[in-house]
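Commentary on secondary and tertiary structure
Here is what each chain is made of, one letter per residue.
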Amino acid sequence: MTSPLSRRIVLASRPQGEPALSDFRLEETPLPAPGPGQVLLRTEYLSLDPYMRGRMSAAPSYAPPVAIGETMVGGTVSRVEESAHPEFATGDWVVGMSGWQSRAVLDGASLRNLGARFEHPSLQLGALGMTGFTAYMGLLDIGQPQAGETVVVAAASGAVGSIVGQIARIKGCRIVGIAGGADKCDYVLRELGFDACIDHRTPDFAARLAEACPQGIDVYFESVGGAVFDAVLPLLNLRARVPMCGLISSYNATALPAGPDRLALLQGMLIKKRIRMQGFIVFDDYGHRFGEFYQAMSGWLAEGRIRFREDIVDGLENAPAAFIGLLSGRNFGKLLVRIGQD
Ligand SMILES: NC(=O)c1ccc[n+]([C@@H]2O[C@H](COP(=O)([O-])OP(=O)(O)OC[C@H]3O[C@@H](n4cnc5c(N)ncnc54)[C@H](OP(=O)(O)O)[C@@H]3O)[C@@H](O)[C@H]2O)c1
């Protein structure tokens, strides 16, 4: 029997600033047959996520970097092609971390089995997966939104932000989104039902955000940082909560921003207004609550109370360009690569 082949994208070099296509390399490699307890998987969908930029860097972080020459990490939905694990059968859909490759041999213990029939499997990487879980835990556990409060959501049309705003709406809050460009703002308002959405690229962005938040901001869900946070900070109310989810505007930065140093301004605001900012890493901090999230989100999706948008790119070879675009806002919705019969 011939060995199965996997096409994979490896990290060729560590980027300085914005990643380049030359930082990635496409390879073809033979895979071993699955050993006891293992399964051979064919990737159907690969999730592209901003955290992958951190894994390309050797700087200390909460997770080790991808080594040069190794397959890029990533969440996947796959189908079982061959099983040496009693709880997996050929054709089963599974969620796992195959990374940027068309096939993988993984331990069954590292996978979640969805069974043979599954509707909309890619949702397991978005609203019903890591990004939906991030929105749910960050907003509800750290943001603690109360009915009638104003919740401001950065990157509001994206995978996490779109879900944050819709959960806040379910909780009875007034929701103001921030997004890049008229099309995204239009979608956030009309499709997702936010009360307002402000384009962070407009020159009078800070003034327009203030106008959209006449009662100030009670919860700010931070995914961006930089100029967006500068506009939010003066609007935060007494006892505001700020779930610190991400800082995508600085992921490609090679140095801290030029002065003036505004740290004392931030610290003064935190004290005077008793603001609580808290960072989190979703699976590290809340992995034990995934079941609770999954049940709640499945219910909201079934009732049509949560809508989602996927930005699907075809072909593993197109993953690097799509990922580079994610870091500058070229995606519109949850970014996925469809690999299928690759
Ligand atoms: N802490 C955790 O456990 C955890 C887990 C998942 C995700 N995250 C974080 O959550 C955030 C959102 O992730 P996602 O997967 O939902 O991505 P996403 O929102 O679907 O896509 C990223 C979006 O960020 C916005 N963006 C990029 N550069 C920007 C800039 N300079 N200024 C303002 N906006 C910019 C763009 O939207 P616009 O075009 O609208 O600007 C872009 O579409 C990221 O910071 C990510 O690292 C954290």
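Only a predicted model underlies this, so the values are computations on that prediction, with no experimental measurement involved.

Turning our eyes to something else, we now look at the packing of helix α2 (residues 130-143) against helix α3 (residues 159-170). Taken N-terminus to C-terminus, the directions of α2 and α3 make an angle of 45°; their axes are 8 Å apart at the nearest point. On the basis of their axis angle, the class for α2 and α3 is oblique. Handedness of the α2/α3 crossing: right-handed. Contacts between α2 and α3 involve Thr 131, Gly 132, Thr 134, Ala 135, Tyr 136, Leu 139 and Leu 140 from the former and Ala 159, Val 160, Ile 163, Val 164, Ile 167 and Ala 168 from the latter.

A few words on the domain arrangement of the chain. The domain boundaries assigned to the chain delineate domain 1 (5-126 + 309-338) and domain 2 (130-283). One C-alpha centre belongs to domain 1, the other to domain 2; they are set 29 Å apart. Both faces combined, the contact of domain 1 with domain 2 buries some 1300 Å², and carbon together with sulfur accounts for 60% of it. In this assembly, domain 1 and domain 2 are joined by 5 residue pairs in polar contact (both at pLDDT 80 or more).

Further remarks concern the packing of aromatic side chains. In total, this model carries 14 aromatic pairs according to the counting rule given. Both rings, one in Phe 133 and one in Phe 283, keep their centres 5.1 Å apart while their planes meet at 55°; by these two values the pair is tilted. With Phe 133 in helix α2 and Phe 283 in helix α8 (residues 282-286), this pair connects stretches of sequence that are 150 residues apart. Note on Phe 133: relative accessible area 0%, which makes it buried. Arranged with centres 5.4 Å apart and planes meeting at 55°, the rings of Phe 290 and Phe 293 form a pair that is tilted. Residue Phe 290 and its partner Phe 293 are located together in helix α9 (residues 290-302), separated by 3 residues, close to a single helical turn. We note that Phe 290, like Phe 293, is buried. Three or more aromatic residues joined by ring pairs make a cluster, and in this case those are Phe 133, Tyr 136, Phe 283, Phe 290, Phe 293, Tyr 294 and Trp 300. Between Arg 309 and the ring centre of Tyr 187, over which it is positioned, the NZ or CZ distance is 5.3 Å. Arg 309 extends its terminal NZ or CZ atom over the ring of Phe 332, reaching a point 3.5 Å from the ring centre.

Looking now at the nonpolar core. Ranked by size, the top nonpolar core spans 39 residues in total, and within it Leu 139, Ile 167, Met 297 and Ile 306 carry the most contacts. Among the elements of the structure, α2, β8 (150-153), α3, β9 (174-179), α4 (182-190), β11 (217-221), α8 and α9 are those that each provide at least two residues to this core. Each residue touching Ile 167, except ones within four places of it in the same chain, is listed here: Ala 135, Tyr 136, Leu 139, Leu 140, Met 297, Trp 300 and Ile 306. Formed by 25 residues, the second largest nonpolar core is a distinct cluster that contains Val 152, Cys 213, Ala 240 and Met 269.

For the ligand, the set of nearby residues contains 29 residues, the closest of which are Gly 180, Lys 184, His 200, Tyr 251 and Asn 331. A distance of 2.9 Å is found between an oxygen atom of the ligand and a backbone nitrogen or oxygen belonging to Ala 159. At 2.8 Å from a nitrogen atom of the ligand is found a main-chain nitrogen or oxygen belonging to Phe 280. Burial of the ligand by the surrounding chains reaches 90%, relative to a free accessible area of 910 Å². Where the shell around the ligand is concerned, the elements lending two or more residues are α2 and α3. With 3 residues, α2 is the single largest residue contributor to the shell around the ligand. Class assignment for the residues of the shell around the ligand results in 16 nonpolar, 11 polar and 2 charged.

Further remarks concern the sheet that holds β11. If you trace the 6 strands from one edge of the open sheet to the other, you get β10-β9-β8-β11-β12-β13, paired in parallel fashion. Edge strands, defined here as strands with exactly one partner in the open sheet, are β10 (196-199) and β13 (276-279). Taking the axes of each pair of neighbouring strands and ignoring which way they run, one obtains an average angle of 15° across the sheet. Taken together, the 4 bridges between β9 and β10 define a ladder with parallel strand orientation. Across the sheet, the residue bridging to Ile 178 is Ile 198, located in β10. Along the sheet, α4 makes contact with β9 and β10, crossing β10 at roughly 170°.

You can see Glu 149 is positioned in the loop between α2 and β8. Polar side-chain contacts of Glu 149 include one of 3.0 Å to the backbone nitrogen of Gln 146. When sequence neighbours within four positions are dropped, the list of residues in contact with Glu 149 reads Gln 144, Cys 173, Arg 174, Asp 218, Val 219 and Arg 241.

A side chain of one charge can pair with a side chain of the opposite charge if their charged atoms are brought near each other. Applying the stated rule across the entire model yields 15 salt bridges. Between Glu 27 and Arg 25 there is a salt bridge; the shortest N-O distance is 3.0 Å. The class for Arg 25 is partly exposed, based on a relative accessible area of 39%. Close ionic contact of Glu 81 with Arg 42 constitutes a salt bridge, the shortest N to O distance being 3.7 Å. Residue Glu 81 is located in strand β4 (residues 76-83), and its partner Arg 42 is located in strand β3 (residues 38-47); the two are separated by 39 residues in the primary sequence.

Thresholds, definitions, all that
- As a convention, each chain's residues are numbered from 1 in the sequence order in which they are written.
- Note on the predicted model: pLDDT of at least 70 is required for a residue's local features to be given, and 80 or more for side-chain atom pairs to be given and counted; whole-chain, interface and lining totals, by contrast, use all residues.
- Calculation of side-chain values draws on the structure's entire complement of heavy atoms; hydrogens and water are dropped beforehand.
- Every axis in this analysis is a line fitted to C-alpha atoms, fitted for helices over the stretch in contact. Angles between the N-to-C directions lie between 0 and 180 degrees.
- Helix and strand labels come from DSSP, where a helix needs a run of H or I of at least four residues and a strand needs a run of E of at least two; each type is numbered from the N terminus.
- Reported orientations rely on four angle classes, namely roughly parallel under 35 degrees, roughly antiparallel over 145, roughly perpendicular from 65 to 115, and oblique for the rest.
- Left-handed describes a crossing in which the near helix is turned anticlockwise from the far one by less than a right angle; the clockwise case is right-handed.
- Here, residues are in contact when the closest pair of their heavy atoms is within 4.5 Å.
- An automatic or database domain assignment supplies the start and end points of every domain.
- Buried area: the accessible area, evaluated with a 1.4 Å probe, that two parts lose upon being put together, summed over both parts.
- Two N or O atoms count as a polar contact when they lie within 3.5 Å, although within protein this holds only if one can serve as hydrogen donor and the other as acceptor, and sequence-adjacent residues are included solely when both atoms are side-chain atoms.
- Stacked, tilted and edge-to-face pairs are distinguished by plane angle, under 30 degrees for stacked and over 60 for edge-to-face with tilted covering the rest, among Phe, Tyr and Trp rings (Trp via its six-membered ring) whose centres lie within 6.5 Å.
- Relative accessible area decides the class of each residue, using a 1.4 Å probe on protein chains only: under 20% of the type maximum gives buried, over 50% gives exposed, and in between gives partly exposed.
- Each ring is checked for a lysine NZ or an arginine CZ that lies within 6 Å of its centre and within 35 degrees of its normal; such an atom marks a charge sitting over the ring.
- Nine residue types can take part in a nonpolar core, namely buried Ala, Val, Leu, Ile, Met, Phe, Trp, Tyr and Cys, and a core is a set of them joined through side-chain atoms within 4.5 Å.
- Only a single heavy atom is needed: when it lies within 4 Å of a molecule or strand, its residue is near that molecule or strand.
- Per-residue accessibility takes into account occlusion by the displayed protein chains alone, with areas from the Shrake-Rupley method and a 1.4 Å probe.
- Following the grouping adopted for this structure description, the nonpolar residues are Ala, Val, Leu, Ile, Met, Phe, Trp, Tyr, Cys and Pro, the charged ones are Asp, Glu, Lys and Arg, and the polar ones are all others, Gly among them.
- Strand pairing is defined by DSSP finding a minimum of two bridges between the two strands.
- Salt bridge, as used here, is a side-chain nitrogen of Lys or Arg placed within 4 Å of a carboxyl oxygen of Asp or Glu.

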